[in-house]
Amino acid sequence: MEINNISIWNSTISNEEKILKEKFSEIGNLPKHIAIIMDGNGRWAINRNLDRSYGHKEGIESIKKIVKAASNIGINYLTLYAFSIENWNRPKEEVDILMNLLVIHLNKELDQLHRNNVKITTIGNFSSLPATAQEILNESIEMTKHNNGLNLTFALSYSGRWDIIQAVKKIANEIKLETLEINDIDVDIFSQYLTTRNLPDPDLLIRTSGEMRISNYLLWEIAYSEMYITDTFWPDFNRNELYKAIESFNSRERRFGKISEQL
Ligand code: IPE
Ligand code: IPE
Ligand code: MG
């Protein structure tokens, strides 16, 4: 269904998605929160003798596909690593391209996302983003704040260590002001000071492009996340790849330190 060029994803849900949705809901084990390290845009482009920027453009298309697929099969939270604090060290032209792509595509897709009940949020050092990016992000967050469909979070100027340090500073300040007691600090209290405070911990962490590392993503939150690493570069990642990752997640036994018999 299309209204003013805006498609309502649920009404175009494919048979394949319907079958998968039923299958996943039968198993009752759909990950509630999927976090993705979207990696390999540059290599995807270099392999085609193209400038790295083409990889980033194509990577946006993957984001659109994955957001729609995640929403259609009923994932509650999708958190995408779009730009790390370390990525500021890339050549300025590449940083500018990445920030411009964010602004252009969020502007273009915002109505569509809103109509599909997606709630947009961010994690990371928001105030370090360019003013144009802050503007469209603020507009997106404000417009979608009452939506109760997919929670789509962009990790922007984010790093796990940065988030932990800014949390520690806030906590130290509260202790100084005597609004918090040292002995009251526990996992739940600490989590409330992170920029991820409104997100449950990821159940499934996906990294594309085959790299076996975390690259400073969600260090605190992935304590018990299941990991799925695929050699596929992010621009080639699609619905079927997402389903494969979920199938893999479904085959895991999450023990959280216990033994099988206790589960
Ligand atoms: C991921 O792709 C996008 C960002 C980090 C912003 P890369 O740009 O890291 O691509 P590779 O890893 O160099 O191939
Ligand atoms: C991680 O990818 C950051 C994002 C996907 C945004 P990188 O390409 O920056 O990671 P490293 O440098 O290879 O570890
Ligand atoms: Mg990379």
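Novice: Would you take a moment to explain the site of ligand 2 for this structure?
Specialist: Taken together, the neighbourhood of ligand 2 is formed by Ile 37, Met 38, Asp 39, Tyr 81, Ala 82, Phe 83, Ser 84, Asn 87, Arg 90, Arg 207, Arg 213 and Ser 215. At 3.2 Å from an oxygen atom of ligand 2 is found a side-chain nitrogen or oxygen belonging to Arg 90. Burial of ligand 2 by the surrounding chains reaches 78%, relative to a free accessible area of 390 Å². Looking at the shell around ligand 2 residue by residue, the class counts come to five nonpolar, three polar and four charged.

Novice: Looking at this structure, how should I read the packing of helix 3 (residues 52-73) against helix 8 (residues 239-250)?
Specialist: Two quantities define a packed helix pair, namely the angle between the helix axes and the distance between the axes. Put simply, helix 3 and helix 8 touch, their axes get as near as 9 Å, and they point 50° apart. Taken together, the axes of helix 3 and helix 8 are oblique relative to one another. Of the two elements, helix 3 crosses helix 8, and the hand of that crossing is right-handed. Residue-level inspection shows Lys 65, Ile 66, Ala 69, Ala 70 and Ile 73 of helix 3 in contact with helix 8, the latter providing Arg 239, Leu 242, Tyr 243 and Ile 246. Residue composition of the contact of helix 3 with helix 8, by class: seven nonpolar, no polar and two charged.

Novice: I tried to follow the site of ligand 1 on my own but got confused; where do I start?
Specialist: Taken together, 13 residues lie near ligand 1, and Asp 39, Gly 42, Arg 43, Arg 52 and Arg 90 sit nearest. Within the contact set of ligand 1, an oxygen atom lies 3.3 Å away from a backbone nitrogen or oxygen of Gly 40. Relative to its free-state accessible area of 380 Å², ligand 1 is covered by the protein chains to the extent of 87%. Elements that contribute at least two residues to the shell around ligand 1 include exactly helix 2 (41-46), helix 3 and helix 4 (92-115). Here the shell around ligand 1 is built from residues that sort into three nonpolar, five polar and five charged.

Novice: So what exactly am I meant to see when it comes to helix 8 here?
Specialist: Quick reminder: α-helices carry 3.6 residues per turn. Residues three or four places apart thus point the same way. In a regular helix each residue adds 1.5 Å, so twelve residues correspond to 16 Å; helix 8 covers 16 Å between its end C-alpha atoms and thus fits that length. N-cap assignment for helix 8: the residue whose side-chain oxygen lies 3.2 Å from the backbone N of Asn 240 is Asn 238.

Novice: Even after reading the chapter, I still don't get the domain arrangement of the protein chain, so can you show me in this structure?
Specialist: One widely used convention gives an interface's size as the accessible area the parts lose upon coming together. We note that the domain assignment places domain 1 (30-158 + 202-215 + 225-251) and domain 2 (160-199) within the protein chain. On a C-alpha basis, the centroid separation for the pair domain 1 and domain 2 is 27 Å. Every contact between the two is made by nine residues of domain 1 and, on the other side, seven residues of domain 2. At the boundary of domain 1 with domain 2, total buried surface from both sides reaches about 680 Å², with 69% on carbon and sulfur atoms. In terms of surface lost to domain 2, no three residues of domain 1 exceed Tyr 77, Ile 123 and Tyr 158, which account for 53% of the buried area on that side. Here domain 1 is connected to domain 2 by zero salt bridges. Where the side of domain 1 that touches domain 2 is concerned, the elements lending two or more residues are strand 4 (77-84) and strand 6 (151-158). In the side of domain 1 that touches domain 2, the residues fall into four nonpolar, five polar and no charged.

Rules and cut-offs
Here, residues in each chain are numbered from 1, in the same order as that chain's written sequence. In the order they appear in the text, chains get letters beginning with A and ligands get numbers beginning with 1. It should be noted that, the model being predicted, local features are given only for residues of pLDDT at least 70 and side-chain atom pairs only at 80 or more, the latter also being counted only at that level, while totals for whole chains, interfaces and linings use all residues. To obtain the side-chain values, all non-hydrogen atoms of the structure were included, while hydrogens and water were left out. We call a residue near a molecule or strand whenever a single non-hydrogen atom of that residue lies within 4 Å of it. Counted as a polar contact is a pair of N or O atoms within 3.5 Å, where, for protein atoms, one must be capable of donating a hydrogen and the other of accepting one, and residues adjacent in sequence contribute only when both atoms are in side chains. Computed by Shrake-Rupley with a 1.4 Å probe, the accessible areas treat only the displayed protein chains as cover when residues are assessed. When residue character is reported, Ala, Val, Leu, Ile, Met, Phe, Trp, Tyr, Cys and Pro are called nonpolar, Asp, Glu, Lys and Arg charged, and the others, Gly included, polar. The axes are straight lines fitted to the C-alpha atoms, using for helices just the contacting stretch, and the angles between their N-to-C directions are given from 0 to 180°. Under the scheme used here, helices are H or I runs from DSSP no shorter than 4 residues and strands are E runs no shorter than 2 residues, and both carry numbers assigned from the N terminus. We call two directions roughly parallel when the angle between them is under 35 degrees, roughly antiparallel when it is over 145, roughly perpendicular when it lies between 65 and 115, and oblique otherwise. Here is the rule for handedness: rotate from the far helix to the near one, and if that takes an anticlockwise turn smaller than a right angle the crossing is left-handed, while a clockwise turn gives right-handed. Contacts: residue pairs with any heavy atoms within 4.5 Å of one another. Helix span, as expected, comes to 1.5 Å for every residue beyond the first. Domains are outlined according to an automatic or database domain assignment. Buried area counts how much accessible surface, traced with a 1.4 Å probe, disappears from two parts once they are put together, with both parts' losses summed. Here a salt bridge means any side-chain nitrogen of Lys or Arg lying within 4 Å of a carboxyl oxygen belonging to Asp or Glu.

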